[in-house]
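Chain by chain, the residues:
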Amino acid sequence: MANGGGDPVILATAGYDHRIRFWQAHSGICHRTVQHPDSQVNALDITPDKQLIAAAGYQHIRMYDINSSNPNALINYEGVQKNVTSVGFHEDGKWMYTGGEDHTAKIWDLRSRTLQCQRIFQVKAPVNCVTLHPNQGELYVGDQSGSIHCWDLKTDINEHLIPEPEAAITSVSIDPMGTLMAAVNNKGNCYLWTMTTSRSNGPSNLHPKKKFQAHSKYILKCLFSPDSTLLATTSADGTCRIWRTADLSLCTELKDKSQRWVWDCAFSGDSQYIITASSDNNARLWSVNDGQIKREYNGHEKAVVCLAFRDEVVA
Amino acid sequence: MAMMDNVDFLISHIRNAFVTSDDTSMSEWVITECKVQDETDIKRDNCPRYSRNNLGSRSDSMSDCLSDNELKGSMDIHPDMDFGAHRRRSNTAQRLDRLKKEKRTQSKMKTIQWKDAPEAYKVDEKGHLFEKRILPPSNGTDIPNVAENIEQMNNSVTSENNENEKNKKKRAVSILSQQLVEHDSHGSNPFFKYAKFDGRTAGGLPTKKLDIFLTFVPPDQQAYPMTILATANAKAQEVVGLTCWQYTEEGRKPDLQTVAGHIDPNDFVNKFSLHMAEDDGEIDTDFPPIVPTDPVSKYGFTKFALVANAPVQPKSALVTINIPNRGFNKFQVDSLTVTMRELMDKVIKKRKMKIRPGLNYTLEKAGKSEIGKPVDLDAMLSSMNCLEFYLVRENSSRGDVESNGEEDQKMAESLMSHQYKSFIVSMVHKLRTNTEVQLGISGDKIEIDPVSGKGTAKLFRQKPVTYDADCVAACDITETKSNGRAVFRLTYLNGADYKQHYFETDQTMATEIVEKVNNILELKFSPVRKEFVFTQEKKALQKRDSIKRESSLKLGL
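Not measured: the values here are computed from a predicted model.

A. Representation of the overall build of chain A within the structure. Helices and strands together make up the secondary structure of chain A, namely zero helices and 28 strands. Residues counted as buried form 65% of the 315 residues belonging to chain A. Long-range pairs, those at least 24 residues apart, make up 43% of the contacts in chain A with a sequence separation of at least 6.

See below:
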């Protein structure tokens, strides 16, 4: 994939201090900081061509250039009410999806001249998370009321399921092979499904696999590792737990005395390391195998609530 | 408002108000004209045009009438008034400016408003845009693949370590993993934790640019400072850390380990110190090093010198520990890294003080502001920025600080007795009234200058005289009076004779003068003084002898 001569490894963190920091992931040095005026950053994602980073904030999504030192945003997407809580991209960069507290998930056509891809999906509660199926054709929208909406983009058919009434869905993850889906809620529970392609033209079929209490408190994020063998859950209890997808046994608990809420995480390309973002103003790089902190990304002045990470796998 | 019907005041006020803000000066002209006309009117009519109550005044509120003086002049123009070229910008203008600037950056930023699709979504028309990708391991084989993965997982869980290793080798490696390994093998920059004070990546935080002259680089490079951009909140110690980090990061030679030996990045206060420097990099030795815990932004200047302390000889220091009412102990410590507890234990041991349970000692820094603030006993001496301490029992105080202070002052006074100081005293004359004189005392001489008092006849005035300190033989108090005054005598050698001057002043000043002069005499111990002391002693001896003789004669009788 083209990366315009930029660094193959990109790590950016942001949160409540209105700043996006870019780090040298292997050394822990912050090499650039850009301001994100007027709003906290709720979510970050990097475009597939690694040229731009999108920061979702209050009523807007701003795109910053990754490979220049331009301190200002290049593009500002607005016209959204309330907070934008998640953002992501189609793998070819055709469109961007967002979800927000305005009860919608949106698809933005990135080719600004045409609005061909512009789509909107209305739900009945604030959207907490939006996840794109690796097949690039289905969006999974988790909302405050506890519903997971499965939206098949091509056919516009949607289904929804409520794993646990009255428990807000905080995060949904689908493994890179598209065979497992995990969802977590604010009660500390984690639900797992196996996925199979639908014979009709709707969204994938989901077969409940397991429900388990992953944390005693609010879970903020779940994420499958690139090799699909691990599932990470981050929680308000100040830990990130890594589970084996095979038997859902606990592989490692990532814990540090000073760590507070853990909001977000990302695996390295080879699933050997995981980076977490926490309310104690730090992001950390952990070794998955032994649960040791390898690097700390220290510099934010307030809680770090989101991160964006890109790694590449070499043979 | 009573004032407002005072026409004079109004005109004056309007005129003056326009002085500073009317660029056209038109208003002033109008008012001036008006006033001139007024005056002619008044002259002509000889009756006040504005008087309403026939009081002959131009105001109906007499009490508020301003005096002529106040009406004539225009107001003073103060530099802080807003006018002319330096006029402060109004808040509105500043805000407009800011908005304009924001707009400029905005114009560079493309803004895209959300727009709903022009028409409802139809699969036939737009379906191709949202085609699903067939995932590489085709959907049919997905599950076995996961199973395989899971199996592999399970293997690595249950298998021995070396098998695990094998698995790892088989597995693809990410660039991040490679970089991590590479970075670790390189040896990371020990000052890494100070990198966060680097203003170059601080993104909008206030920063301060500093020129740091490095005293440990080869002489030909010493004139070129290293420029660092520190965040404004960085303390001196953190600036040192940042400088070391950047120095190491830039791969400069000689590397810091050779400069200062092994460096523990958590404690290198004793290895480097930051000094004020001149523009050419010369260290300003008049000032001590910057206190490590001071924020650098506190200092108005931006030129500093980083000094590496010689690693071979650890810096030794002389520490004084005062024990209230029991003197003090001085210790030579070899390095500033000793903890305060070690120092305290040393004193207690030396003094053979008994420590009863529940009776703990602690240390306080010298200086009045530090009273009642025990130091952290586990902190190092280097972090104290102080070499004099008090040993204090817990829940008790130094107590004798005052008296100590007095003692110190006495000591200081005796050391300062060589410095010139003058006193106003009355000179006692045998035949006439006392005269005021100024007595100037320094290490070299004693001057007597008359103070011209009223009513003193010129004839009787004391002529100014100067005595070399070497001629002064003695100075003592001869008489203390009940009214709180005292007479003291200054004995000096004039030719071959000792002569005296008598002065009168209050007792404290007399004591001070006598002490001062005696201090000087003691320190100088001039031949005159020696001689005088010798003769005094001889006299005393003779006297004693004569008394002895008398008494023995009496006894003999």
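B. Inspection of the sheet that holds strand β9 (residues 361-365) of chain B at higher detail. All names here are of chain B. Taken in spatial order, the four strands line up as β8-β7-β10-β9 in an open sheet, and their pairing is mixed. Looking at which strands have only one partner, the edges of the open sheet turn out to be β8 (328-333) and β9. Here the average twist between neighbouring strands, direction ignored, is 30 degrees. As judged from the five bridges shared by β9 and strand β10 (residues 388-393), these two strands associate in the antiparallel manner.

C. Highlighting unusual backbone geometry. Residues and elements named next belong to chain A. Backbone geometry at Glu166 places phi at a positive 65 degrees, although glycine is not the residue there. Summarising the element assignment, Glu166 is placed in the loop between β14 (158-161) and β15 (169-174). When its relative accessible area of 69% is taken as the criterion, Glu166 is described as exposed. One non-glycine residue, Ser228, adopts positive backbone phi at about 65 degrees. Tracing the sequence through the fold places Ser228 in the loop between β19 (219-224) and β20 (230-235).

D. Looking closely at the pairing of strand β13 (residues 445-450) of chain B. Residues and elements named next belong to chain B. Relative to β13, strand β12 (residues 435-441) runs antiparallel, the two sharing five bridges. Bridge pairing in β13 links Leu439 to Ile448. Inspection of the sheet shows β13 paired to strand β14 (residues 465-468) by four bridges, in the antiparallel sense. Within β14, the position partnered with Ile448 by the bridge is Val465.

E. Spotlight on the pattern of salt bridges. Per the counting criterion, the structure on display carries 24 salt bridges over all chains. Between Asp102 of chain A and Lys106 of chain A there is a salt bridge, with its nearest N and O atoms 2.9 Å apart. Across this residue pair, the class does not change: Asp102 of chain A and Lys106 of chain A are buried. Lys122 of chain B serves as the salt-bridge partner of Glu125 of chain B, at 3.8 Å between the closest nitrogen and oxygen. We classify Glu125 of chain B as partly exposed; its relative accessible area is 40%.

F. Structural context of the UniProt feature "repeat: WD" (unreviewed entry) in chain A. Residue and element names in this part refer to chain A. Within this structure's numbering, the places UniProt gives as "repeat: WD" (unreviewed entry) are residues 77-112, 212-243 and 266-296. End-to-end, the C-alpha atoms of residues 212-243 are 11 Å apart, and along that stretch the chain is 0% helix and 59% strand. Counted over residues 266-296, helix gives 0% and strand 58%. Its end C-alpha atoms are 14 Å apart.

G. Spatial organisation of the environment of His133 of chain A. Structurally, His133 of chain A is set in the loop between β11 (127-132) and β12 (138-143). C-alpha of His133 of chain A to C-alpha of Gly178 of chain A: the two residues are 45 residues apart in sequence and 6.8 Å apart in space. Once residues within four sequence positions are removed from consideration, His133 of chain A is found in contact with Glu138, Tyr140, Ile174, Gly178, Met195 and Ser204 of chain A together with Leu135 of chain B.

H. Structural view of the confidence of the model for chain B. All names here are of chain B. This prediction gives chain B a mean pLDDT of 73; 68% of its residues lie at or above 70. Averaged pLDDT values over the elements of chain B bottom out at 47 in helix α6 (residues 142-158) and peak at 88 in strand β2 (residues 173-174). In this model residues 47-71 is a low-confidence stretch, pLDDT under 50, and it forms 34 contacts with partners more than four residues away in sequence or in other chains. On the interface metric, ipTM, the complex scores 0.86, and its pTM is 0.57.

I. Representation of the sheet that holds strand β24 (residues 273-278) of chain A within the structure. All names here are of chain A. Judged by pairing direction, the sheet is antiparallel, and its four strands sit side by side in the order β23-β24-β25-β26 without closing on themselves. The sheet is open, and its two borders are formed by β23 (262-267) and β26 (293-298), each paired with just one other strand. Going across the sheet, the axis of each strand differs from the next one's by a mean of 20 degrees, ignoring polarity. When β23 meets β24, the two strands line up antiparallel, connected through five bridges. The residue bridging Cys265 from the neighbouring strand is Thr276, located in β24.

J. Just the environment of Gln40 of chain A, in detail. All names here are of chain A. Relative to the helices and strands, Gln40 is located in the loop between β3 (29-35) and β4 (43-46). Expressed as a C-alpha distance, the spacing of Gln40 and Asp17, which sit 23 residues apart in the sequence, is 6.6 Å. The residues contacting Gln40, other than those within four sequence positions of it, are Gly15, Tyr16, His18, Ala56, Gly57, Tyr58 and Asn83. Within the structure, the side chain of Gln40 is placed 3.0 Å from the side chain of Asn42, a separation counted as a polar contact. For Gln40, the side chain forms a polar contact with the side chain of Asn83, separated by 3.1 Å.

K. Quick peek at helix α9 (residues 236-249) of chain B. All names here are of chain B. With 14 residues, α9 should reach 20 Å at 1.5 Å per residue; the first-to-last C-alpha distance of 19 Å fits that figure. Buried residues dominate α9, accounting for 11 of its 14 residues. For α9, the full list of buried residues reads Ala236, Glu238, Val239, Val240, Gly241, Leu242, Thr243, Cys244, Trp245, Gln246 and Tyr247. Gly251 occupies a position one or two residues after α9 and carries a positive phi of about 65 degrees.

L. Region of interest: the interface of chain B and chain A. Each partner contributes residues to the interface: chain B has 56 residues there, and chain A has 77 residues. Carbon and sulfur atoms make up 60% of the area that chain B and chain A hide from each other, which totals about 5,800 Å². Three residues stand out in chain B for area buried against chain A, namely Trp114, Phe130 and Lys132 of chain B, and they jointly supply 14% of the buried area on that side. Counting the contacts that link chain B with chain A gives four salt bridges. The residue Arg133 of chain B makes a salt bridge to Glu91 of chain A at a minimum N-O spacing of 2.7 Å. Connecting chain B to chain A are 27 residue pairs in polar contact (both at pLDDT 80 or more). Residue assignment for the side of chain B that touches chain A shows that the elements contributing at least two residues are α4 (91-108), β1 (110-113), α5 (123-126), α6, β2, α8 (175-186) and α9 of chain B. Among the elements that make up the side of chain B that touches chain A, the one with the highest residue count is α6 of chain B (nine residues). A class-by-class count of the residues in the side of chain B that touches chain A yields 26 nonpolar, 16 polar and 14 charged.

Rules used in this analysis
Residues numbered from 1 in each chain as written. Chains lettered and ligands numbered in written order. Predicted model: local features only at pLDDT ≥ 70, side-chain atom pairs only at ≥ 80, totals over all residues. Heavy atoms only, no water. Helix = DSSP H or I, 4+ residues; strand = E, 2+ residues; numbered from the N terminus. Buried < 20%, exposed > 50% of the residue type's maximum accessible area, 1.4 Å probe, protein only. Contact = heavy atoms within 4.5 Å. Pairing = 2+ DSSP bridges. Axes fitted to C-alpha atoms, helices over the stretch in contact; angles between N-to-C directions. Salt bridge = Lys/Arg side-chain N within 4 Å of Asp/Glu carboxyl O. UniProt positions renumbered as here; feature names shortened; annotations may be inferred. pLDDT = per-residue confidence, 0-100. Polar contact = N/O pair within 3.5 Å; in protein donor to acceptor, adjacent residues only side chain to side chain. Expected span 1.5 Å × (residues − 1). Buried area = accessible area lost by both parts, 1.4 Å probe. Nonpolar A, V, L, I, M, F, W, Y, C, P; charged D, E, K, R; others polar.

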